[in-house]
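The primary structure of each chain is shown beneath.
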Amino acid sequence: MIGKITGRIDYRAADHVLIDVRGVGYLVYCSDRTMAALPGVGEVVALFTDLVVREDLMQLFGFTTLAEKEWYRLLTSVQGVGAKASLAILGTLGPDGVSRAIALGDWNAVKAAKGVGPKIAQRVVLDLKDKAPGVMAMGGTVAAASVEAVAEVIETSPPAAPAAQVASSAQADALSALGNLGYGPGDAAGAVAQAAGEAPDADTPALIRAALKLLAPKG
C-alpha cells in the first residue's frame, strides 16, 4: 500500500498531478479543492495517498491531510458512494466542512456536491454521524506531518501550515478540551462544528468559549 508520496510536480491536469519521486512518476488523483491548493509545476509537494485496486483499474488518490484521507475512506464505505462521489463531497466542502455537516446532521450541505442526491446525502450523514468526533480529533496531528515532509525533501525549515490546517488543529484542540470537561463526543463535536462554522478563523480558546455557550443548558 502506498500511503504517502513526497516529490516534485512534473505536470498538472484537471483532476490529477504527476509527481516525480526520485525518477519514478506517480499519477495522483485529487479533489478540486486539493488540486487548487497544490503548488505549481516543479515545486515539491507531500500528499497522503490511498491506492484503489480493481480488476480493471489501479488509481492513486491524494490528500493534503490525514483528516481528508480519513474522510475519503469513510465516505467510500457508505453504500452508493464511490471514489468519484467522495472526492466531489470533499471538493465541495473540504474535510472541515464534511466534519461540520455530518456532526450537525446537515445532509443538504452534503447534497451540494456534484452527483450526490438527497438519498445518498442522508445516508452519508446517518452512517457517519458517530465518526465525526474521531476525525475532527485528528486535526491536531495532521498539520505538521505534511509541511515537515516537504521541508525534509527540500532541506529547509518547515513552511507555515496553511490556514485550513491551523483551523483544523484549533477544532481538534477544542474538541479535546470539551472531552476533558466531561462532554460526550457527539455533543462536543456538534458544538465545535457549529462554533467553527460561525467563526472560521477562531482560535482554540475562542472555539471553546463559543462551544461552551452552545452546550450550556437553555433557560
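Above this text is the structure in question.
Summary of the structure given here. Everything numeric here is computed off the predicted structure, so don't read it as measured data.

On to the overall build of the protein chain, then. Along the protein chain, the regular secondary structure elements total ten helices and five strands. Split into buried and exposed, the 219 residues of the protein chain put 42% on the buried side. Just so you have it, the protein chain exposes about 11100 Å², and 53% of that area is on carbon and sulfur atoms.

Here we take up the packing of aromatic side chains. Tallied over the full model, the rule gives three aromatic pairs. Between Tyr29 and Phe61 the ring centres are 6.3 Å apart and the planes differ by 50°, which places this aromatic pair in the tilted class. On the criterion of sequence distance, the pair formed by Tyr29 in strand β3 (residues 24-29) and Phe61 in strand β5 (residues 57-63) is long-range, its members being 32 residues apart. With a relative accessible area of 21%, Tyr29 lands in the partly exposed category. On the basis of relative accessibility, which here comes to 5%, the residue Phe61 falls in the buried class.

Looking now at the pattern of salt bridges. All chains considered together, the criterion is met by two salt bridges. Notably, a salt bridge pairs Asp56 with Arg54, separated by 3.7 Å at the nearest N-O pair. Note on Arg54: relative accessible area 48%, which makes it partly exposed. With a shortest N-O distance of 2.5 Å, Arg73 and Glu70 are connected by a salt bridge. Within this pair, Arg73 and its partner Glu70 are both found in helix α2 (residues 66-76), separated by three residues, close to a single helical turn.

In the contact formed by α2 and helix α3 (residues 83-103), the axes pass within 9 Å of each other and the chain directions differ by 120°. By crossing handedness, the relation of α2 to α3 is classed as right-handed. Between α2, through Ala67, Glu68, Trp71, Tyr72, Leu75 and Thr76, and α3, the contact on the second element is made entirely by Ala83, Ser86, Leu87, Ile89, Leu90, Pro95, Val98, Ser99 and Ile102. Taken together, the residues of the contact of α2 with α3 sort by class into eleven nonpolar, three polar and one charged.

A few words now on the nonpolar core. Residues Trp71, Ile89, Val110, Val124 and Leu128 are the most contacted members of the largest nonpolar core, which totals 45 residues. Not counting chain neighbours up to four residues away, the residues in contact with Trp71 comprise Ser86, Leu90, Pro95, Val98, Ser99, Ile102, Leu128, Lys131, Ala132 and Val135. Formed by eleven residues, the second largest nonpolar core is a distinct cluster that contains Ile5, Ile9, Cys30 and Leu60.

This part covers a nonpolar patch on the surface. A cluster of nonpolar residues, Tyr11, Leu27 and Val41, forms a patch on the protein surface that exposes about 270 Å² of accessible area. By the secondary structure assignment, Tyr11 is in strand β1 (residues 4-12). For Tyr11, a relative accessible area of 36% puts it in the partly exposed group.

Turning next to the side chain of Ser86. Here Ser86 lies in helix α3. Take Ser86: its relative accessible area is 0%, and that puts it in the buried class. In terms of polar contacts, Ser86 uses its side chain to reach the backbone carbonyl oxygen of Tyr72, at 3.5 Å. With sequence-adjacent residues up to four places away left out, Ser86 is seen in contact with Trp71, Tyr72, Leu75, Thr76 and Val81.

One non-glycine residue, Arg22, adopts positive backbone phi at about 50°. Secondary-structure assignment places Arg22 in the loop between β2 (16-21) and β3.

Both faces of the sheet carry side chains from a regular strand, because those side chains alternate between them. Examined bridge by bridge, β3 and β5 share two bridges and lie parallel to one another. Residue pairing across strands places Val28 opposite Leu60, the latter belonging to β5. Here seven bridges tie strand β4 (residues 44-54) to β5, and the two strands are oriented antiparallel to one another. Within β5, the residue paired with Arg54 across the bridge is Leu57. Joining the antiparallel neighbours β4 and β5 is a turn of two residues.

Quick notes on the rules
Residues numbered from 1 in each chain as written. Predicted model: local features only at pLDDT ≥ 70, side-chain atom pairs only at ≥ 80, totals over all residues. Heavy atoms only, no water. Helix = DSSP H or I, 4+ residues; strand = E, 2+ residues; numbered from the N terminus. Buried < 20%, exposed > 50% of the residue type's maximum accessible area, 1.4 Å probe, protein only. Areas by Shrake-Rupley, 256 points an atom, 1.4 Å probe, with all protein chains shown as cover. Phe/Tyr/Trp six-rings, centres within 6.5 Å; stacked < 30°, edge-to-face > 60°. Salt bridge = Lys/Arg side-chain N within 4 Å of Asp/Glu carboxyl O. Axes fitted to C-alpha atoms, helices over the stretch in contact; angles between N-to-C directions. Left-handed = near helix turned anticlockwise from the far one by under 90°. Contact = heavy atoms within 4.5 Å. Nonpolar A, V, L, I, M, F, W, Y, C, P; charged D, E, K, R; others polar. Core = buried A, V, L, I, M, F, W, Y, C linked by side-chain atoms within 4.5 Å. Patch = residues over 30% accessible without salt bridge, like charges linked within 9 Å, V, L, I, M, F, W, Y side chains within 5 Å. Polar contact = N/O pair within 3.5 Å; in protein donor to acceptor, adjacent residues only side chain to side chain. Pairing = 2+ DSSP bridges.

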